[in-house]
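Listed below, chain by chain, are the residues.
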Amino acid sequence: MSSKIEQMIDEIEEYIENCRYQPLSNSKILVNKEDFLDLLAELRRRTPDEIKRYQKMISNKEAILADAKSKAKAIISQAEVQNTEMVSEHQIMQQAYAQANEVVAFASKQAQDIVDAASNDAYQIRMNAIQYTDDVLKSLEDIVGNALETTRARTENLLNSLQGCYEMVSINRAELSAVQEDEQPPAGEGSQEEAEGSLPEEGMDGK
């Protein structure tokens, strides 16, 4: 069964796969900021729970290790009791002593094997949990890095587009100003038209 974090990563990967590519690009995609932030927030919410779950697994292994040590101690104590009981009888003291030593040695080896196995299991689980957490964080780092790169590219494209519009507007305004200057009448031209317009009236008065 996959973990909640793995499920969230699958959802994020599926979301990215369904995003459209930017025009003229086969690597950069268009991401809906709100949807992507919602996915990241859910991943961030689930991460502590997953870490706690692995910490609980490690704690359980530590409990198993402690129980193994306790059983080993009980085995050794029982062997020592058997040794004491066996050597209490003088006539079989030597035989009992040898047997007791064998029992103690066997019990000690068995207890050590249990402790070693439990220690190895606990260490392996701890390393797997650390590696898994690092893999999750690496995946998250890659996703956020790609999102930052996409956002940066979109921002640069927008600035370039706005700069082009600004330059075009400036050029158009300059052209309009030049047209207005060309359309102004030359100096004195209006006075000549007024003089020419008054001549017929003087002719009529002469009549």
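If you look at the biggest cluster of nonpolar residues, it comprises 16 residues, and the most contacted ones within it are Ile5, Ile12, Tyr15, Val31 and Phe36. Broken down by secondary-structure element, the contributors of at least two residues to this core are helix 1 (4–18), helix 2 (33–87) and helix 3 (93–183).

What follows concerns the pattern of salt bridges. A side chain with one charge can pair with a side chain of the opposite charge if their charged atoms come near. For the structure shown, the criterion picks out two salt bridges. Of the charged contacts in the structure, one is a salt bridge between Asp113 and Lys109, with a shortest N-O distance of 3.1 Å. With a gap of four residues between them, Asp113 and Lys109 both fall in helix 3, about one helical turn apart. For Asp113, a relative accessible area of 39% puts it in the partly exposed group. The partner of Lys138 in a salt bridge is Asp142, with the nearest N and O atoms 2.8 Å apart. A residue pair is termed a helical-turn pair when its members lie 3 or 4 positions apart in one helix, as Lys138 and Asp142 do in helix 3 at four residues.

Right, let's get into a negative patch on the surface. Together, Glu6, Asp10, Glu11, Glu13, Glu14 and Glu17 give the surface a local cluster of negative charge. Look at Glu14 and you get exposed, because its relative accessible area is 51%.

A separate point is the layout of surface pockets. Rolled over the atoms, a probe as big as a water molecule pinpoints where empty space is left. There is about 220 Å³ of room inside the largest pocket. What lines the largest pocket is simply Val31, Asn32, Lys33, Phe36, Leu37, Leu40, Val144, Ala147, Leu148, Thr150, Thr151 and Arg154. Of all the secondary structure elements, the ones that give two or more residues to the lining of the largest pocket are helix 2 and helix 3. Looking at the lining of the largest pocket element by element, the count peaks at six residues for helix 3. For the lining of the largest pocket, the class distribution of residues is seven nonpolar, three polar and two charged. Residues of the lining of the second largest pocket, tallied by class, amount to six nonpolar, three polar and two charged.

This paragraph deals with the packing of aromatic side chains. Applying the stated rule across the entire model yields one aromatic pair. Here Tyr15 and Phe36 contribute two aromatic rings whose centre-to-centre distance is 6.4 Å and whose plane-to-plane angle is 35°, an arrangement assigned as tilted. With Tyr15 in helix 1 and Phe36 in helix 2, this residue pair connects regions lying 21 residues apart in the sequence. Of the residues examined, Tyr15 reaches a relative accessible area of 17% and is grouped as buried.

For the rest of this paragraph, the subject is helix 1. Taking 1.5 Å of rise per residue, the 15 residues of helix 1 would be expected to cover 21 Å, and the 21 Å separating its terminal C-alpha atoms lies within 8% of that figure. If you check which residues of helix 1 are buried, you get Ile5, Met8, Ile9, Ile12 and Tyr15. Across the axial projection of helix 1, the buried residues extend over an arc of 120°, all falling on one side. Looking at helix 1, the residues exposed on the side facing more than 90 degrees away from the buried face are Glu14, Glu17 and Asn18.

Looking now at the side chain of Thr150. Considering the arrangement of structural elements, one finds Thr150 in helix 3. If sequence neighbours within four positions are ignored, Thr150 has contacts with Gln22 and Ile29.

Confidence along the protein averages 76 in pLDDT terms, with 79% of residues attaining 70 or more. Highest mean pLDDT in the protein belongs to helix 3 (84); lowest belongs to helix 4 (residues 189–206) (48). Ignoring residues within four places in sequence, the model shows residues 198–207, a span with pLDDT below 50, making zero contacts including any to other chains.

What follows deals with the environment of Ile114. If you trace the backbone, Ile114 turns up in helix 3. Classification of Ile114 by relative accessible area gives partly exposed; the value is 33%. In this structure the C-alpha to C-alpha distance between Ile114 and Leu65, which are 49 residues apart in sequence, comes to 8.2 Å.

Calculation notes
Here the residue index of a chain counts from 1 through its sequence in written order. Per-residue local features of the predicted model are confined to residues with pLDDT of at least 70, and side-chain atom pairs are confined, for both listing and counting, to 80 or more; whole-chain, interface and lining totals are unaffected and use all residues. As a rule here, side-chain values cover all heavy atoms of the structure and leave hydrogens and water aside. Here, nonpolar core means buried Ala, Val, Leu, Ile, Met, Phe, Trp, Tyr and Cys residues that are tied together by side-chain atoms lying within 4.5 Å of each other. To sort residues, take the accessible area from a 1.4 Å probe on protein chains only and compare it with the maximum for the residue type: under 20% means buried, over 50% means exposed, and anything in between is partly exposed. Numbering of helices and strands runs from the N terminus; a helix is a DSSP stretch of H or I covering at least four residues, while a strand is a stretch of E covering at least two. What makes a salt bridge here is a side-chain nitrogen of Lys or Arg within 4 Å of a carboxyl oxygen of Asp or Glu, nothing more. Residues forming no salt bridge and having over 30% relative accessible area are the ones grouped into patches, like charges within 9 Å of each other and nonpolar side chains (Val, Leu, Ile, Met, Phe, Trp, Tyr) within 5 Å. Using a 1.4 Å probe, the Shrake-Rupley method yields the accessible areas, and only the shown protein chains count as cover for residues. His is not counted here, nor are the chain ends, while Lys and Arg score as positive and Asp and Glu score as negative. To locate a charge, take atom NZ for lysine, CZ for arginine, CG for aspartate or CD for glutamate. Computed over the protein atoms alone on a 1 Å grid, cavities are sets of points where a 1.4 Å probe fits but cannot get out and pockets are open sets with protein on both sides within 12 Å along at least five of seven lines; a residue lines them when it has an atom within 4 Å of a point. Grid points are joined across faces, edges and corners, and a volume is the space filled by probe spheres set on the points. Throughout this entry, Asp, Glu, Lys and Arg are counted as charged residues, while Ala, Val, Leu, Ile, Met, Phe, Trp, Tyr, Cys and Pro are counted as nonpolar. The remaining residues, Gly among them, count as polar. For Phe, Tyr and Trp, rings pair up if their centres lie within 6.5 Å, where Trp contributes its six-membered ring, and each pair is then called stacked (planes under 30 degrees apart), edge-to-face (over 60) or tilted (otherwise). Multiplying one less than the number of residues by 1.5 Å gives the expected span of a helix. Note that the arc is computed from the directions linking the helix axis to the C-beta atoms. In what follows, residue pairs with any heavy atoms lying within 4.5 Å of each other are defined as contacts. Values of pLDDT, the confidence the predictor places in each residue, fall between 0 and 100.

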